[in-house]
Amino acid sequence: MKEEKEEGVTVDKQEAEQALASAEVLASRMRRGARSHVVGVVLLGLAMMVSTAVYGLLIQPSTRYSMPFVLLFPLLFLGIYTATRPVVPRHHRALYAVITSAGAGIYSLTVLIGIVKFSGEPLWWLPGAVLCALPFFLVALLDHRAKPAGSGNT
C-alpha cells in the first residue's frame, strides 16, 4: 500500500516501518553512549576526590605548589565535557557553567586554605575532597536524569 504525500513523494508502509526501526536502533545506541558518559563523569569525580585527599594528606611540602595545577585536570575535563556536548536539555548549559564554576571555587578554597591552615589534617582534607567531587556527581546526575531525545518534553 502506497500513500501519496502533498509534495508528490510516495511512501510505502513497509519502507516507513523499516525507517522507524532503524531510527529506534540508532536512538538506543545513542542512549547507551550517553550512559557511558555518565560513568566517565563519575570516574572523573572519584579521581578528583582521591587526588585531592591524597594531595592534602600525603604529599610532601617540596611539591606543594606544583601539584594543585596537575589536580585541576579532572575539573578541566569536566568543563570541556559540559561545553562540547552537542545536544543538551533546556537550561542545562547554564547549569553546567554554574556547577563547573562552583567546582573551581570549591577546589580553590579547599586547596588554598588547606595548604595554609590545615596541612595534613584529615578533618579538612577528606570533607574538602568530597566537596571537590560534588560538581562531577551533580553533572552525572543531571545527565542521567535527562530525557532522551524524542521522548517528549525537554
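Note that this is a predicted model, so its numbers are computed, not measured.

J.: How do you make sense of the overall build of the chain when you look at a structure like this?
T.: Check the secondary structure of the chain and you find five helices and two strands. Its helices and strands in sequence order give the chain the pattern β-β-α-α-α-α-α, from N to C terminus. Taking all 154 residues of the chain together, 25% fall into the buried category. If you sum the accessible surface of the chain, you get close to 10,400 Å²; carbon and sulfur atoms cover 67% of it.

J.: So what exactly am I meant to see when it comes to helix H4 (residues 92-117) here?
T.: Counting along an α-helix, one turn takes 3.6 residues, and residues three or four places apart therefore face a common direction. For H4, which comprises 26 residues, the first-to-last C-alpha distance of 36 Å matches the rise-based estimate of 38 Å (1.5 Å per residue) to within 8%. Those residues of H4 not exposed but buried are His92, Tyr96, Ile99, Thr100, Gly103, Tyr107, Thr110, Val111, Gly114 and Ile115.

J.: It is not clear to me how the environment of Val54 should be interpreted in this structure. Could you clarify?
T.: Tracing the sequence through the fold places Val54 in helix H1 (residues 13-58). C-alpha separation for the pair Val54 and Leu126, spaced 72 residues apart in sequence, amounts to 9.1 Å.

J.: Looking at this model, I keep getting lost on the packing of helix H3 (residues 73-84) against helix H5 (residues 122-145). Mind explaining?
T.: Each pair of packed helices can be described by the angle between their axes along with the distance between the axes. Here H3 crosses H5 at 25°, and the two axes come no closer than 11 Å. With respect to H5, the axis of H3 lies roughly parallel. As H3 packs across H5, the resulting crossing turns out to be left-handed. Taking contact as the criterion, the partners of Pro74, Leu75, Leu78, Tyr81 and Thr82 in H3 are, on H5, Pro135, Phe136, Val139 and Asp143. A class-by-class count of the residues in the contact of H3 with H5 yields seven nonpolar, one polar and one charged.

J.: What is the right way to read the nonpolar core from this model?
T.: Buried together is how nonpolar side chains tend to be arranged in soluble globular proteins. In terms of nonpolar packing, the biggest core is built from 18 residues, with Val41 and Val139 touching the most fellow members. Secondary structure elements with two or more residues in this core: H1, H3, H4 and H5. Not counting chain neighbours up to four residues away, the residues in contact with Val139 comprise Val41, Leu78, Tyr81, Thr82, Tyr96 and Ile99.

J.: I'm lost on the side chain of Thr110 in this one. Help?
T.: Position of Thr110 relative to the elements: it lies in helix H4. A relative accessible area of 5% places Thr110 in the buried class. There is a polar contact of 2.8 Å between the side chain of Thr110 and the backbone oxygen of Ile106. Discounting chain neighbours no more than four positions away, the residues touching Thr110 are Thr52, Trp124, Trp125, Gly128 and Cys132.

J.: Mind showing me how you'd approach the confidence of the model for the chain here?
T.: Segments scoring low in pLDDT should not have their predicted coordinates read at a detailed level. For the chain, per-residue confidence averages 77 on the pLDDT scale, and 73% of positions sit at 70 or higher. The least confident element of the chain is strand E1 (residues 2-4), whose mean pLDDT is 51; the most confident is H5, at 91.

J.: Sorry if this is basic, but what is going on with the packing of H4 against H5 here?
T.: Look at H4 against H5: their axes get within 9 Å of each other, and the N-to-C directions meet at 170°. Classified by the angle their axes make, H4 and H5 are roughly antiparallel. Residues belonging to the contact of H4 with H5 are distributed by class as follows: 17 nonpolar, five polar and one charged.

J.: Hey, could you run me through a nonpolar patch on the surface in this one?
T.: Taken together, the side chains of Val50, Val54, Leu57, Leu58, Ile59 and Leu126 present a nonpolar region at the surface, about 480 Å² in accessible area. Top element by residues in the nonpolar patch is H1. It accounts for four residues. For Leu58, the position within the fold is in helix H1. Note on Leu58: relative accessible area 60%, which makes it exposed.

Definitions and limits used
- All residue numbers refer to positions counted from 1 along the written sequence of the respective chain.
- Confidence filtering applies because this is a predicted model: local features only for residues at pLDDT of at least 70, side-chain atom pairs given and counted only at 80 or more, and all residues used for totals across whole chains, interfaces and linings.
- Excluding hydrogens and water, the side-chain values take into account all heavy atoms of the structure.
- Where helices and strands are cited, they refer to DSSP runs of H or I of at least four residues and of E of at least two residues respectively, numbered from the N terminus.
- Note on exposure labels: buried denotes an accessible area under 20% of the residue type's maximum, exposed denotes more than 50%, and partly exposed covers the range between, all computed with a 1.4 Å probe on protein chains only.
- Accessible surface is estimated by sampling points in the Shrake-Rupley manner with a 1.4 Å probe; for residues, cover comes only from the protein chains shown.
- Under the convention used throughout, the expected extent of a helix is 1.5 Å for every residue step, that is, one less than its residue count.
- Axes here refer to lines fitted to C-alpha atoms; in helices the fit is confined to the stretch in contact. Angles between the N-to-C directions go from 0 to 180 degrees.
- Roughly parallel means an angle under 35 degrees; roughly antiparallel, over 145; roughly perpendicular, 65 to 115; everything else is oblique.
- A clockwise turn of the near helix away from the far one marks a right-handed crossing, whereas an anticlockwise turn of less than a right angle marks a left-handed crossing.
- Contacts were defined at the residue level, with two residues in contact if any of their heavy atoms lie within 4.5 Å.
- Charged means Asp, Glu, Lys or Arg here, nonpolar means Ala, Val, Leu, Ile, Met, Phe, Trp, Tyr, Cys or Pro, and polar covers whatever is left, Gly included.
- Think of a nonpolar core as a cluster: buried Ala, Val, Leu, Ile, Met, Phe, Trp, Tyr and Cys residues, connected wherever their side-chain atoms sit within 4.5 Å.
- Polar contacts, as counted here, are pairs of nitrogen or oxygen atoms within 3.5 Å of one another; within protein the pair requires one atom able to donate a hydrogen and one able to accept it, and residues that are adjacent in sequence qualify only if both atoms are side-chain atoms.
- The predictor attaches a confidence to each residue, called pLDDT, with possible values from 0 through 100.
- Candidates for patches are residues over 30% relative accessible area with no salt bridge; among them, like charges are joined within 9 Å and nonpolar side chains (Val, Leu, Ile, Met, Phe, Trp, Tyr) within 5 Å.
- Any Lys or Arg side-chain nitrogen located within 4 Å of an Asp or Glu carboxyl oxygen qualifies as a salt bridge.

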